[in-house]
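Examination of the molecular architecture
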Amino acid sequence: MNQHEFMQLINPFTDRLYRLAKRLLISKDEASDAQQEVLLKLWQKKEDLNNYKNVEAFAVTMTKNYCLDQLKSKRAQRADIENVVVRDTTASVYQQVEDRDSWDHIEKYVSQLPETQRLLFQYREVEEMEYDIIAELTGMNETAIRVALSRLRKQIREFMILQHQ
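One structure accompanies this document, and this report is about it. In every chain, residue numbers begin from 1 and rise along the written sequence. Two thresholds apply to this predicted model, a pLDDT of at least 70 for residue-level local features and 80 or more for giving and counting side-chain atom pairs, whereas whole-chain, interface and lining totals are computed over all residues. Excluded from the side-chain calculations are hydrogens and water; all other atoms, namely the structure's heavy atoms, are used.

Attention shifts here to the overall build of the protein. For the protein, the count of helices and strands is eight helices and zero strands. By definition, any uninterrupted DSSP run of H or I lasting at least four residues is a helix, any uninterrupted run of E lasting at least two residues is a strand, and each is numbered from the N terminus. Along its sequence from the N terminus, the protein presents helices and strands in the succession α-α-α-α-α-α-α-α. Taken across its 165 residues, the protein has 41% of its residues classed as buried. Here, residues are in contact when the closest pair of their heavy atoms is within 4.5 Å. Of all intrachain contacts in the protein linking residues separated by at least 6 positions in sequence, the fraction that spans at least 24 positions is 64%. What sets the accessible areas is the Shrake-Rupley method with a 1.4 Å probe; for residues, cover comes only from the shown protein chains. When the accessible area of the protein is evaluated, it comes to approximately 10,000 Å², of which 47% is carbon and sulfur surface. The classification of residues rests on relative accessible area computed with a 1.4 Å probe and restricted to protein chains. Under 20% of the type maximum is buried, over 50% is exposed, and intermediate values are partly exposed.

It is worth spelling out helix α7 (residues 131–138) at this point. Looking at α7, one finds that the buried residues are Tyr131, Ile133, Ile134, Ala135 and Leu137. Buried-residue contacts for α7 involve α4 (55–72), α6 (115–126) and α8 (142–163). Taken from the residues just after α7, glycine 139 is the one with a positive phi, measuring 80°.

Our next topic: the nonpolar core. Here, nonpolar core refers to any group of buried Ala, Val, Leu, Ile, Met, Phe, Trp, Tyr and Cys residues whose side-chain atoms link them within 4.5 Å. In this structure, Leu42, Phe121, Tyr123 and Ile156 are the most contacted members of the largest nonpolar core, which totals 46 residues. Considering every element that reaches this core, the biggest residue donor is α4, with 10 residues.

With that settled, consider the pattern of salt bridges. Think of a salt bridge as a Lys or Arg side-chain nitrogen and an Asp or Glu carboxyl oxygen that are within 4 Å of each other. The final tally for this structure, using the stated rule, is three salt bridges. We note a salt bridge from arginine 16 to glutamate 56, for which the minimum N-O separation is 2.6 Å. Note that arginine 16 is positioned in helix α2 (residues 14–25) and glutamate 56 in helix α4, a separation of 40 residues in sequence. We note that arginine 16, like glutamate 56, is buried. The salt bridge partner of glutamate 142 is arginine 146, with a shortest N-O separation of 3.5 Å. Residue glutamate 142 and its partner arginine 146 are both found in helix α8; the two are separated by four residues, about one turn of the helix. A relative accessible area of 33% means that glutamate 142 is categorised as partly exposed.

Between its terminal C-alpha atoms α2 stretches 16 Å, which fits the 16 Å expected from 12 residues at 1.5 Å a residue. The buried count for α2 comes to nine of 12 residues, which makes it a mostly enclosed element. Those residues of α2 that sit buried are Thr14, Arg16, Leu17, Leu20, Ala21, Lys22, Arg23, Leu24 and Leu25. At its buried positions, α2 is contacted by α1 (3–10), α3 (28–44), α4 and α6. One or two steps after α2, the chain reaches isoleucine 26, where phi turns positive at roughly 75°. Between the first and last residue of a helix there are one fewer steps than residues, each counted as 1.5 Å, and that sum is the expected span.

Bringing the packing of α3 against α4 into the picture now. Between N-to-C directions, angles cover 0 to 180 degrees, with each direction set by a line fitted to C-alpha atoms, over the stretch in contact for helices. Contact geometry of α3 with α4 gives a least axis separation of 10 Å together with a crossing angle of 130°. Our classification of the angle between α3 and α4 gives oblique. The chirality of how α3 crosses α4 is right-handed. On α4, the residues that touch Ala34, Glu37, Val38, Lys41 and Leu42 of α3 are Phe58, Ala59, Met62, Thr63, Tyr66 and Cys67. Angular relationships are summarised with four words: roughly parallel below 35 degrees, roughly antiparallel beyond 145, roughly perpendicular across 65 to 115, and oblique for the angles in between. A crossing counts as left-handed when the near helix is turned anticlockwise from the far one by less than a right angle, and as right-handed when that turn is clockwise.

The next point concerns the packing of aromatic side chains. The rule is short: rings of Phe, Tyr and Trp, with Trp giving its six-membered ring, pair when the centres are within 6.5 Å, and they are stacked under 30 degrees, edge-to-face over 60, tilted in between. Using the criterion set out here, one finds three aromatic pairs in the structure. With 4.0 Å between their ring centres and 20° between their planes, tyrosine 52 and phenylalanine 58 make a pair best called stacked. On the basis of relative accessibility, which here comes to 32%, the residue tyrosine 52 falls in the partly exposed class. Note that lysine 46 overlies the ring of tryptophan 43, its terminal NZ or CZ placed 4.0 Å from the centroid. Should the NZ of a Lys or the CZ of an Arg lie within 6 Å of a ring centre and within 35 degrees of the ring normal, that charge is described as sitting over the ring. Lying over the aromatic face of tyrosine 131, arginine 146 brings its terminal NZ or CZ to 4.0 Å of the ring centre.

Note that every value here comes from positions in space, so none of it alone points to a role or purpose.
Given below as structure tokens:
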């Protein structure tokens, strides 16, 4: 596989690798380093990439594992979900402040969840990954993922209702 073929293969998901690393590591510099490390490892394995059923899932798994290793070695801050709320530019300032406040509450709640639930939330709600890719990344079956996310959404709804009382 030459450099051009390699770039065509990985270009569709390189931004996703960065965003995942950024969510897990917080620091932009560390996220960029993580992305580069994973891309280097993929380049070193370029001849074997065609043997993988889903190269994107493989790369995301590598990124997640690299970031978790970084966190475990105390070279990065504690993982936290970053604010990724996309705001409508026509929304009122009041609505934007309210959206930000709501997201901050959700972010705080999600940051206290076990790692598996945080990752499921990250993959599906933030990265908008398909269930089959999440299943490959987590080793869970799609039904279990749907159930876990449904329960998590219900927990978040209940938490938000309590916050607004």
